[in-house]
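Inside the fold
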Amino acid sequence: QVQLVESGGGLVQAGGSLRLSCAASGRTFSTLSMGWFRQAPGKEREFVASIGYIGTRYYADSVKGRFTASRDNAKNTLYLQMNSLKPEDTAVYYCAASSRTGGLLTKSDAYETWGQGIQVAVSS
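Structural notes, computed from the coordinates. Position numbers for residues start from 1 in each chain and track the written sequence from start to end. Restriction of local features to residues with pLDDT of at least 70 applies here, the model being predicted, together with a cutoff of 80 or more for giving and counting side-chain atom pairs; totals for whole chains, interfaces and linings are based on all residues. Hydrogens and water molecules were not included; the side-chain quantities draw on all heavy atoms of the structure.

1. A closer look at the overall build of the protein chain
Test applied: Labels follow the DSSP assignment, with helices taken as runs of H or I lasting at least four residues and strands as runs of E lasting at least two, numbered in each case from the N terminus. Our radius of gyration looks at C-alpha atoms and nothing else; its globule reference is 2.2 Å times the residue count to the power 0.38. Only protein chains enter the accessibility calculation, which uses a 1.4 Å probe; a residue whose area is less than 20% of its type maximum is buried, one above 50% is exposed, and one in between is partly exposed. Residue contacts are defined here by distance: any two heavy atoms, one from each residue, within 4.5 Å place the two residues in contact. Only the protein chains shown count as cover for residues, and all accessible areas are computed by the Shrake-Rupley method using a 1.4 Å probe. Two residue types count as positive, namely Lys and Arg, and two as negative, namely Asp and Glu; His and chain ends fall outside the count. Taken as the charge location is NZ of Lys, CZ of Arg, CG of Asp or CD of Glu.
Helix and strand counts for the protein chain stand at zero helices and 11 strands. Helices and strands appear in the protein chain in the N-to-C order β-β-β-β-β-β-β-β-β-β-β. For the protein chain, whose C-alpha radius of gyration is 13 Å, the value lies close to the compact-globule estimate of 14 Å for 124 residues. Reported as C-alpha extents along the three principal axes, the dimensions of the protein chain are approximately 40 × 25 × 25 Å. In the protein chain, which comprises 124 residues, the proportion classed as buried is 44%. Counting contacts in the protein chain only where the partners sit at least 6 residues apart, residues at least 24 apart contribute 59% of the total. Carbon and sulfur atoms make up 46% of the accessible area of the protein chain, which amounts to about 6300 Å² in all. Averaging the coordinates of the 13 positive side-chain charges in the protein chain and doing the same for the 9 negative ones gives two points 4 Å apart.

Put into structure tokens, the structure is as follows:
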């Protein structure tokens, strides 16, 4: 039922910033918990950040202090502000939605719906 469309990726130099957006449709966005994951070449998909429907946030240690997840319920949109980007941030980034309460939002299997993924590349 939920559909997710990501935008905002691209190529940026180390130290730069990008803001990813994830637009949700198909149901009430405000009731969803949302997450960001990424998958680098040759690596497993890993948790990046999440924001629950009440606003509780979690971040991977690797991005704390640099990335900020936020949501605009009026626009049905999830954001990931990425600052001080590093080459190791290069990955395909995915947004995901969960209507389940009490799940572990750092885990992929907590999410029911995924976006198509969007490339972020950080050059040295």
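2. Notes on the side chain of Thr 113
If you trace the backbone, Thr 113 turns up in strand E10 (residues 113-114). Among the residues examined, Thr 113 registers a relative accessible area of 16% and is labelled buried.

3. Describing the nonpolar core
Test applied: Put simply, buried Ala, Val, Leu, Ile, Met, Phe, Trp, Tyr and Cys residues joined by side-chain atoms within 4.5 Å make one nonpolar core.
In terms of nonpolar packing, the biggest core is built from 35 residues, with Met 34, Trp 36, Leu 80, Met 82 and Tyr 93 touching the most fellow members. Residue assignment for this core shows that the elements contributing at least two residues are strand E3 (18-25), strand E4 (33-39), strand E5 (46-51), strand E7 (67-72), strand E8 (77-82), strand E9 (91-98) and strand E11 (118-123). Counting residues per element, this core draws most heavily on E9, which supplies five residues.

4. Digging into the sheet that holds strand E1 (residues 3-7)
This is how it is decided: When DSSP locates at least two bridges between a pair of strands, those strands are taken to pair. Interaxial angles span 0 to 180 degrees and are taken between N-to-C directions of axes, which are lines fitted to C-alpha atoms, for helices over the stretch in contact.
Strand order in the open sheet made by the four strands is E1-E3-E8-E7, with antiparallel pairing throughout. With one partner strand each, in any of the chains shown, E1 and E7 form the two edges of the open sheet. Direction aside, neighbouring strands of the sheet carry axes that sit 15° apart on average. Relative to E8, E7 is paired through six bridges, and the arrangement is antiparallel.

5. Overview of the layout of surface pockets
Quick note on the threshold: The method works on a 1 Å grid over the protein atoms by themselves. A cavity is a set of points holding a 1.4 Å probe that cannot get out, a pocket is an open set with protein on both sides within 12 Å along at least five of seven lines, and residues with an atom within 4 Å of a point line them. Grid points are joined across faces, edges and corners, and a volume is the space filled by probe spheres set on the points. Polarity classes work like this: nonpolar for Ala, Val, Leu, Ile, Met, Phe, Trp, Tyr, Cys and Pro, charged for Asp, Glu, Lys and Arg, and polar for all others, with Gly in that last group.
By volume, the largest pocket amounts to about 230 Å³. Lining the largest pocket are 13 residues; nearest its centre among them are Ser 33, Gly 52, Tyr 58, Gly 103 and Leu 105. The residue inventory of the lining of the largest pocket, partitioned by class, reads five nonpolar, seven polar and one charged.

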